[in-house]
Amino acid sequence: MSSLQMRKKAVRILDKLYQLYTDAHCALRYDSPFQLLVATILSAQCTDVQVNKVTLGLFAKYPSVQDLAEADLYVLEGDIRSTGFYRNKAKSLLGCAQTLISQYNGQVPQTLSELVRLPGVGRKTANVVLGNVFGIPGMVVDTHVKRLSRRFAWTDQQDPVKIERDLCQLLPERHWVQASHLLIFHGRQLCKAPIPLCSQCPLLKECPQRGVDRAN
DNA sequence: ATCCCGAGGG
DNA sequence: CCCTCTGGAT
């Protein structure tokens, strides 16, 4: 199959996903780049519902970057405890806030290379921030995007960086940010690990894995 | 490869 | 009791 045909087929899948999840969006609550950065760091191995519960109080208690930069580490641990991994996350949040104050005039930087230099921020988190608040397109490769991309045969790589590269080559740039949301929604609701609900999936015809759940 | 970690669901 | 949940650092 030519690369053009592969692109068209991939976009067709995205179109179908969009019909299914028209409202797919970032489910984390925030109203500034910094708040999205904080929420995304907290979201590691945690449901977005739980993150939103915590950030509701957190953003009220620490309204500005400066407020968080001056927080006590152990108090902060208590503030975010219910998101899990709270020691690592508290250290990351404090480090981020302090770095933003000392190096970026309190602003969240708008490049991938600067973002991933912040403590607790990897490419996944960086691309969430870039795509959702700065309008800078990027593919967010999390556990869902990785799994679905492999099931769709959009990549055969394991390394998230290589998967990101493959996806950016395959999908038109204008689809990158929304594609990430669509894959995450579909991954949560139907295309689950390890047992996808293929019998309920509207992509049965398009998917190379069609019917893998028929034994279930 | 392994660790960090709690909440909610089966 | 088991598992998963939009990761990142060592």
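Residues numbered from 1 in each chain as written. Chains lettered and ligands numbered in written order. Predicted model: local features only at pLDDT ≥ 70, side-chain atom pairs only at ≥ 80, totals over all residues. Heavy atoms only, no water.

Re the layout of surface pockets
Right, so step 1: Volume-wise, the largest pocket comes out at about 790 Å³.
Right, so step 2: Taken together, 36 residues form the lining of the largest pocket, with Ser43, Cys46, Lys124, Asp142 and Ile184 sitting closest to its centre.
Right, so step 3: When contributions to the lining of the largest pocket are tallied by element, the ones reaching two or more residues are helix H2 (33-42), helix H6 (86-104), helix H8 (123-133), helix H9 (143-151) and helix H11 (176-189).
Right, so step 4: Top element by residues in the lining of the largest pocket is H8. It accounts for seven residues.
Right, so step 5: Looking at side-chain class alone, the lining of the largest pocket contains twelve nonpolar, 18 polar and six charged residues. (1 Å grid on protein atoms, 1.4 Å probe; cavity = no way out; pocket = protein on both sides within 12 Å on 5 of 7 lines; lining within 4 Å. Points joined across faces, edges and corners; volume = space filled by probe spheres on them. Helix = DSSP H or I, 4+ residues; strand = E, 2+ residues; numbered from the N terminus. Nonpolar A, V, L, I, M, F, W, Y, C, P; charged D, E, K, R; others polar.)

Digging into the domain arrangement of chain A
Right, so step 1: Domain annotation of chain A identifies domain 1 (3-24 + 139-200) and domain 2 (33-133).
Right, so step 2: The C-alpha centroid of domain 2 is placed 27 Å from the C-alpha centroid of domain 1.
Right, so step 3: With nine residues of domain 1 at the interface, the matching set in domain 2 holds seven residues.
Right, so step 4: The junction of domain 1 with domain 2 conceals about 620 Å² of combined surface from both sides, 52% of it contributed by carbon and sulfur atoms.
Right, so step 5: Together, Val140, Glu164 and Val177 form the three largest contributors to the area buried by domain 1 at its contact with domain 2, with a combined 53%.
Right, so step 6: Counting the contacts that link domain 1 with domain 2 gives two salt bridges.
Right, so step 7: Between Arg123 and Glu164 there is a salt bridge, with the nearest N and O atoms lying 2.8 Å from each other.
Right, so step 8: Counting every contact that joins domain 1 to domain 2 gives five residue pairs in polar contact (both at pLDDT 80 or more). (Domains from an automatic or database assignment. Contact = heavy atoms within 4.5 Å. Buried area = accessible area lost by both parts, 1.4 Å probe. Salt bridge = Lys/Arg side-chain N within 4 Å of Asp/Glu carboxyl O. Polar contact = N/O pair within 3.5 Å; in protein donor to acceptor, adjacent residues only side chain to side chain.)

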